[in-house]
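Coordinate inspection notes
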Amino acid sequence: MNAETKLFQPIKIGAMELKNRIVMAPMTRNRASVTDVPSDLAVTYYAQRASAGLIITEGTQPSPAGQGYPRTPGIHSAEQIEAWRKITDAVHAKRGRIFLQIMHTGRIAHRLNRTVYRPPVAPSAIQASGTIYTDSLGPQPYSLPQALATDEIPSVIEEYHRATSNALAAGFDGVELHAANGYLPMQFLSSNSNQRSDRYGGSVQNRARFVLETLEAMIDGAGLASRVGLRVSPGNTFNDMHDANPVGTHLYLTEEVNPLGLAYLHIQQQPKDVHTDGLLDPVRMLRPIFDGPIIATGGFDRDSASQLLSNGDADLIGFARLFIANPDLVERFQTAGPLAEPDAATFYTPGPKGYADYPALGAEALAGAAAAG
Ligand SMILES: Cc1cc2nc3c(=O)[nH]c(=O)nc-3n(C[C@H](O)[C@H](O)[C@H](O)COP(=O)(O)O)c2cc1C
């Protein structure tokens with residue numbers, strides 16, 4: 001156990017102070033209502049985890065057209081904004097900070113998971129290989145996407161702009177563009193899914209254009225660049241991503257992102273259970289290039305996180321799966337308390353089980369004492 005750790009040191013993101021460097025990484029949990037509204041249980045779930053320096057929410061669609069999976073929340077209706085407001089209030093009441101992750105899934109979608117009839121959109125009409133879960137028919141091949149016409153792209157970017165304004169209206173401290181893990185922005189970045197011949201395809205400059213224009217729109221929607229973060233996962237082959245040159249693509253993107261002055265760059269390094277092209281250490285690759293704070297996520301525990309912070313390779317560390325079963329992860333790290341194991345069978349299932357019912361350590365000890373006595 002590394003006793004000396006920077007994990008509990010505060011850090012500033014723009015003008016905003018975070019109470020520690022422990023980030024709850026974004027996790028889709030598929031518990032929203034049929035109208036894609038976050039549930040009251042989500043208020044409890046996020047409030048339970050508010051001792052994190054920063055919470056980044058589950059991927060949230062900017063529009064009905066951006067939905068790929070069942071029961072994911074949106075940020076495009078008044079009802080959704082109101083429901084998110086309860087969550088941001090609950091997190092703020094505990095001195096927590098919370099960013100909304102905006103996720104447009106592009107071709108990673110199935111029509112049964114969507115409320116709009118139109119097929120999903122993508123840079124090119126290339127179906128992803130593999131299957132996607134649906135509630136009514138189980139795993140199904142991905143839908144064949146429609147290629148976005150050049151003159152349709154501004155309206156997709158406008159959806160991100162509006163979603164960002166909505167997020168700020170719902171009380172979020174900022175928003176994160178999900179440009180990782182094979183969703184729409186990464187589909188533009190990656191040469192296998194982007195075979196366009198217009199100004200959004202071909203050269204790395206063109207493939208990065210969608211992400212850069214979207215970030216500019218989000219900064220405009222947020223009113224401040226330090227309220228917008230970017231998440232990338234260079235070299236990740238999840239969701240059928242195979243870029244011919246993920247190093248070159250992400251080096252270029254990061255250089256172009258620098259002048260924007262974003263809140264942070266969130267780099268997902270590949271956890272061991274996700275297949276990758278295996279050639280990259282994305283955190284060490286992008287650290288010297290990016291001018292602002294770096295969040296590194298993927299397979300960390302307390303020791304490896306402390307090590308990365310003390311080496312200076314990152315400024316904050318994201319934890320995903322550990323936060324599922326350990327709502328009080330920060331306190332457990334502080335006291336070197338035992339860690340609970342999450343149940344993967346309930347990661348994505350509707351309903352309360354495996355969601356807001358993992359106890360905090362103190363509660364467990366109290367329950368144990370009550371049972372014993
Ligand atoms: C249940 C689950 C849902 C996830 N959903 C998202 C998501 O919505 N957006 C995203 O960017 N990453 C998502 N991820 C990836 C995590 O943010 C994280 O990068 C990954 O789990 C590795 O971190 P870990 O080793 O700490 O779990 C998800 C991971 C899990 C386990």
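This report concerns the structure included in the present document. Residue positions are given per chain, counted from 1 along the sequence in the order it is written. Thresholds applied to this predicted model are a pLDDT of at least 70 for local features of residues and 80 or more for the giving and counting of side-chain atom pairs; totals over whole chains, interfaces and linings are not thresholded and use all residues. The side-chain numbers reported here are obtained from all heavy atoms of the structure, hydrogens and water having been left aside.

Let's shift gears to the overall build of the chain. Helix and strand definitions follow DSSP, with helices as H or I runs of at least four residues and strands as E runs of at least two, each counted in order from the N terminus. When you go through the chain residue by residue, the secondary structure sums to eleven helices and 14 strands. A radius of gyration in this sense is built from C-alpha atoms; the matching globule rule multiplies 2.2 Å by the number of residues raised to 0.38. Over its C-alpha trace the chain gives a radius of gyration of 20 Å, about what one expects of a compact globule, namely 21 Å for 373 residues. Overall, the C-alpha framework of the chain stretches about 70 × 45 × 40 Å when taken along its three principal axes. Classification of residues uses two cut-offs on accessible area relative to the type maximum, computed with a 1.4 Å probe and protein chains only: under 20% is buried, over 50% is exposed, and between them is partly exposed. Within the chain, the proportion of its 373 residues that are buried is 58%. Accessible surface area values rest on a Shrake-Rupley calculation with a 1.4 Å probe, where residue burial reflects the displayed protein chains alone. Accessible area of the chain: about 14400 Å², with a carbon and sulfur share of 54%. Counting rule for charge: Lys and Arg are taken as positive, Asp and Glu as negative, and neither His nor the chain ends is counted. Note that the charge is assigned to NZ on lysines, CZ on arginines, CG on aspartates and CD on glutamates. Side-chain charges of the chain comprise 31 positive and 37 negative groups, with the mean position of each set lying 2 Å from the other.

Before going further, it helps to spend a moment on the pattern of salt bridges. A pairing counts as a salt bridge when a side-chain nitrogen of Lys or Arg comes within 4 Å of a carboxyl oxygen of Asp or Glu. This structure, assessed with the given rule, holds 14 salt bridges. Between Asp243 and Arg207 there is a salt bridge whose closest N-O contact spans 3.6 Å. Residue Asp243 is found in the loop between strand 11 (228-232) and helix 6 (246-257), and its partner Arg207 is found in helix 5 (residues 204-222); the two are separated by 36 residues along the sequence. The pair formed by Asp243 and Arg207 is uniform in burial state, with each residue classed as buried. A salt bridge links Arg287 to Asp315; its shortest N-O distance comes to 2.7 Å. With Arg287 in the loop between helix 7 (282-286) and strand 13 (294-297) and Asp315 in the loop between helix 8 (302-311) and strand 14 (316-319), the pair connects residues that are 28 residues apart, well separated along the chain. Among the charged side chains, a network of salt bridges with common partners joins Asp281, Arg284 and Asp313.

For a regular strand, side chains alternate in direction, first toward one face of the sheet and then toward the other. Neither face of strand 13 is exposed, since Ile294 and Ala296 on one face and Ile295 and Thr297 on the opposite face are all buried. Looking at chain direction, strand 12 (residues 264-268) and strand 13 are connected through four bridges and run parallel. Bridging from a neighbouring strand, Leu265 pairs with Ile294 of strand 13. Should DSSP find at least two bridges between two strands, the strands are regarded as paired. In this structure, strand 13 lies alongside strand 14, joined through three bridges in parallel fashion. Counterpart to Ile295 in the pairing with strand 14 is Leu316. As a crossover connection, the stretch from strand 13 through helix 8 into strand 14 is right-handed. Whether a crossover is right-handed comes down to one check: with the strands pointing away from the viewer, does the path from the first strand over the helix to the second run clockwise; if it does, it is right-handed.

Turning next to helix 3 (residues 153-169). For helix 3, which comprises 17 residues, the first-to-last C-alpha distance of 25 Å matches the rise-based estimate of 24 Å (1.5 Å per residue) to within 8%. The contact definition used throughout considers only heavy atoms, calling two residues in contact when any of these lie within 4.5 Å. Among the structural elements, helix 2 (78-93), strand 5 (98-102), strand 10 (174-179), helix 4 (184-189) and helix 5 are those in contact with the buried residues of helix 3. Each residue after the first adds 1.5 Å to the expected span of a helix.

Turning to the site of the ligand, a few remarks are in order. Note on definitions. A residue lies near a molecule or strand when any single heavy atom of the residue is within 4 Å of it. Near the ligand you find 19 residues, and of these Thr28, Arg231, Gln268, Gly299 and Arg321 are the closest. Think of a polar contact as two N or O atoms within 3.5 Å of one another; within protein, one of them needs to be a possible hydrogen donor and the other a possible acceptor, and neighboring residues in sequence only count if both atoms come from side chains. Here Gln268 contributes a side-chain N or O atom positioned 2.6 Å from an oxygen atom of the ligand. Classifying every residue of the shell around the ligand by side-chain character gives eight nonpolar, nine polar and two charged. Under the grouping applied here, Gly and all other residues not named as nonpolar or charged are polar, the nonpolar ones being Ala, Val, Leu, Ile, Met, Phe, Trp, Tyr, Cys and Pro and the charged ones Asp, Glu, Lys and Arg.

Another point: the nonpolar core. In plain words, nonpolar cores are sets of buried Ala, Val, Leu, Ile, Met, Phe, Trp, Tyr and Cys residues tied together by side-chain atoms within 4.5 Å. With 82 residues, the main nonpolar core has Tyr46, Phe210, Leu230, Leu253, Ile317 and Phe319 as its most contacted residues. If one sorts the elements of this core by residue count, helix 5 sits on top with ten residues. Residues in contact with Ile317, not counting those within four places in the same chain, are Leu7, Arg21, Ile22, Val23, Ile295, Ala296, Phe300, Ala305, Leu308 and Leu309. With twelve residues, the next largest nonpolar core counts Met16, Leu18, Phe99 and Ile295 among its residues.

The next subject is the sheet that holds strand 3 (residues 22-24). Reading around the circumference, 3-4-5-10-11-12-13-14 is the order of the eight strands in this closed barrel, with parallel pairing throughout. Looking at each pair of strands side by side, their axes are set apart by 25° on average, direction ignored. In terms of strand pairing, strand 4 (residues 54-60) meets strand 5 through four bridges, oriented parallel. Considered in strand 5, the bridge of Ile56 is made with Phe99. Along the sheet, helix 8 contacts strand 13 and strand 14; its crossing angle with strand 14, the most-contacted strand, is approximately 155°. Note on method: axes are straight lines fitted to C-alpha atoms, helices fitted across the in-contact stretch only, with angles between N-to-C directions ranging 0 to 180 degrees.

Turning to the packing of helix 3 against helix 5, a few remarks are in order. The interhelical angle for the contact between helix 3 and helix 5, taken along N-to-C directions, is 35°, at an axis separation of 8 Å. Considering only the axes of helix 3 and helix 5, their crossing is right-handed. Where helix 3 abuts helix 5, its residues Ile153, Val156, Ile157, Tyr160, His161, Thr164, Ser165 and Leu168 lie against Phe210, Glu213, Thr214, Ala217, Met218, Asp220, Gly221 and Ala222. Should the near helix be turned counterclockwise from the far one by less than a right angle, the crossing is left-handed, whereas a clockwise turn marks it as right-handed.

At their nearest, the axes of helix 1 (residues 40-48) and helix 2 sit 9 Å apart, and the two run at 25° to each other. Classified by the angle between their axes, helix 1 and helix 2 sit roughly parallel to one another. Here the hand of the crossing between helix 1 and helix 2 comes out right-handed. From helix 1, Asp40, Ala42, Val43, Tyr46 and Ala47 reach across to helix 2, where they touch Trp84, Lys86, Ile87, Ala90 and Val91. Per-class residue counts for the contact of helix 1 with helix 2 are eight nonpolar, no polar and two charged. Any angle between 65 and 115 degrees counts as roughly perpendicular, while under 35 counts as roughly parallel, over 145 as roughly antiparallel, and the rest as oblique.

Functional significance is not addressed by these values, which are geometric in nature.
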